[in-house]
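# Topology and contacts: notes
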Amino acid sequence: MAIYHLSVKTVSRSSGRSAVAAAAYRSGIRLACERDGRTHDYTRKRGVVESFIVAPAGAEAWASDRSALWNRAEAAETRKNSTVAREYELALPAELPEGERVALARRFAETVVERFGVVADVALHEPHREGDERNWHAHILTTTRAANENGLGGKTRQLDDRTTGPALVEGLREVWAEQVNAALERAQVEERVDHRSFARRGLEQAPTVHLGPAASALERRGVQTGVGDVNRAVAASEEAREAVRQADAEVIDLERERWRRMPLNALQWEVNTLLPDREAAKAAALMADPAYREAEKAAETARAGEAKARLDLLEATETVRSLNQKAERYQGRQEPTQQPRAALRSSGSEGRWGAIRGLFSRLGGLMFWRQDKEVSENPESKRIQTQIAEWTELAAERQGVLDSAEKLHTEARWTVGTLYSRIAGQVDEALAPEYRRYSAAQSVLDERIEEDRQRAAEAEAERRNEEILRRVDAEIERERREAVEQQRRAEIAELRQIVRGLASIRPTEEGIFRVRFADLPPEELKRQQDLLERYPEERKSALKAEVSERELQASSREKDRGFDMMD
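## Some words on the nonpolar core
Within the largest apolar cluster, 32 residues are counted, with the highest numbers of intra-cluster contacts made by Tyr88, Phe108, Val122, Leu124, Ile140 and Trp176. When residues of this core are traced back to their parent elements, those giving at least two are β4 (48-54), β5 (83-91), α3 (98-116), β6 (120-125), β7 (137-142) and α4 (165-186). At eight residues, the largest contribution of residues to this core is made by α3. With residues near it in sequence (within four places) discarded, Trp176 still touches Tyr4, His5, Leu6, Leu90, Ala91, Leu92, Leu104 and Phe108. Counting residues in each nonpolar core, the second largest holds 20 residues, with Leu31, Trp62, Ala85 and Ala147 among its members.

Okay, here's the thing in structure tokens:
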């Protein structure tokens, strides 16, 4: 089947790599690096099918020259740990002809160039002579800076950002899958690829690990590597799973034959009994798992702790609010203003009685000021303020306790959810054979119900066709009878005409008539004789009527002759 692979890597000086060297190796050519004066000659490299450069629209000529392009990319970076290039490694479908693979790689390179404004250097490689013969692949080396009329501009850091990078790479992986599938469809190849992992697609198959160039070389020389061991273990487990699935399939095939022979109502009952009770199995598995029970208990304890912390915080905040309301009642009056002193200064201009009135007024003001001062210095007010401060501090502490309790409850629920997913997956894996058997039985039941429905529909259609045919036959018979009757009537009417045209009709004593036809052609004579023979009753009646008519006419002529003689 078609293989899907797309990986995004970087070429960085921190690992001792050079963009010029990477471009020379992938294209299998000789390039000189102007930055360090080194020449990278890979002209002996085999397996390079084709290489080309894809530049943005309107780019200068240097962008299409491999040496100028990558020396500019090196010159644009000044730091010793700079990323000088980015590489996209693609698996090309072995099912496609070479021209289609080249077009496919170019199409993806154009997508990257259009999206990020960079320049792409594409090299297509054939499978290694000692490796997998399907391993047609492409290396797309792109600049890390966008190309413009002045050369290479600002860095394209979207793919390096931890926030935007994964989403962009996932989007490119999806685009590559769509482009590969479109190419396979154009080539009328049934295989399709999917950029999603096995887990995201709900498949039981375990993913293999990419070997990489070093491990691939060792494996080709017969040296087993750790990565290779992982892939071999995955393959072995897959073979075991496949063997189990194959055994289940053989058993199910035998069961299918039995299900097809069963009465339909018995098959319906068996299908109902075959459906696994997933919820009951899952509940039993959860109760039997000590880790899940402990996690559930811890989550319940954390939930109770969170609820208690929330109530304690509510108590503290309500107490602070109540104390603040109580304190406001003691601080409702304001301290006295300077009005008494002002009144004392202005009393000199008044008369004696005015001075006395002013004195009493000042004394009253002083009394009220003293009362307010006593209220503000009341020990109860000070106690309330102290309580407010204490409860405010306690509320802050309880808020911290609540935050910790919420975090603990969240972690406990996450642990419960993780264990739940693991156990549910184990239950589904254990029930998979039963579900396969149930699905097979259900499919047989559906097929038989559909067959019965089709048979009933065919029987009904046949009945309707027979009814229509009966109606058509009856109509044809009616029309035939009508036609026969019309023909009979026409022939009887013609028979009377024939009788009228007879040359002579002579009745005999035996009650029969002897007739003589007029001179007629033989064929017409034969036809008229046959017609008279065909309808004996009508013939006899017509002959009687004709004889009577002729006798009447003869009598009438005799009378007419007698009148003539008398005249």
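On we go from here.
## Let's talk about a nonpolar patch on the surface
On the surface, Ile468, Val472 and Ile476 cluster together to form a nonpolar patch covering roughly 260 Å² of accessible area. The residue Ile476 is located in helix α12 (residues 379-500) in this model.

## Describing the pattern of salt bridges
Summed over all chains, the structure comprises 41 salt bridges. Of the charged contacts in the structure, one is a salt bridge between Arg260 and Glu451, with a shortest N-O distance of 3.8 Å. Of this pair, Arg260 sits in helix α6 (residues 226-261) while Glu451 sits in helix α12, placing them 191 residues apart in sequence. Owing to a relative accessible area of 37%, Arg260 belongs among the partly exposed residues under this scheme. On the basis of relative accessible area, Glu451 is assigned to the partly exposed category, the value being 33%. Ionic pairing is found between Asp289 and Arg422, a salt bridge with its closest N-O pair at 3.3 Å. With Asp289 in the loop between α8 (278-288) and α9 (290-330) and Arg422 in helix α12, this residue pair connects regions lying 133 residues apart in the sequence. Overall, the relative accessible area of 36% leaves Arg422 in the partly exposed class. Where salt bridges share partners, they join Glu255, Arg258, Glu270 and Arg437 into one cluster.

## Let's talk about helix α13 (residues 522-534)
Between its first and last C-alpha atoms α13 spans 18 Å; for 13 residues at 1.5 Å apiece the expected length is 18 Å, and the two agree. Of the positions making up α13, those classed as buried are Gln528, Leu531 and Leu532. Axial view of α13: buried residues confined to an arc of 100°, hence all on one face. Turned more than 90 degrees from where α13 packs its buried face, Pro522, Glu523 and Glu533 sit exposed.

What counts, and at which threshold
Residues numbered from 1 in each chain as written. Predicted model: local features only at pLDDT ≥ 70, side-chain atom pairs only at ≥ 80, totals over all residues. Heavy atoms only, no water. Core = buried A, V, L, I, M, F, W, Y, C linked by side-chain atoms within 4.5 Å. Buried < 20%, exposed > 50% of the residue type's maximum accessible area, 1.4 Å probe, protein only. Helix = DSSP H or I, 4+ residues; strand = E, 2+ residues; numbered from the N terminus. Contact = heavy atoms within 4.5 Å. Patch = residues over 30% accessible without salt bridge, like charges linked within 9 Å, V, L, I, M, F, W, Y side chains within 5 Å. Areas by Shrake-Rupley, 256 points an atom, 1.4 Å probe, with all protein chains shown as cover. Salt bridge = Lys/Arg side-chain N within 4 Å of Asp/Glu carboxyl O. Expected span 1.5 Å × (residues − 1). Arc of directions from axis to C-beta.

Bear in mind that shape data such as this cannot, by itself, settle questions of function.
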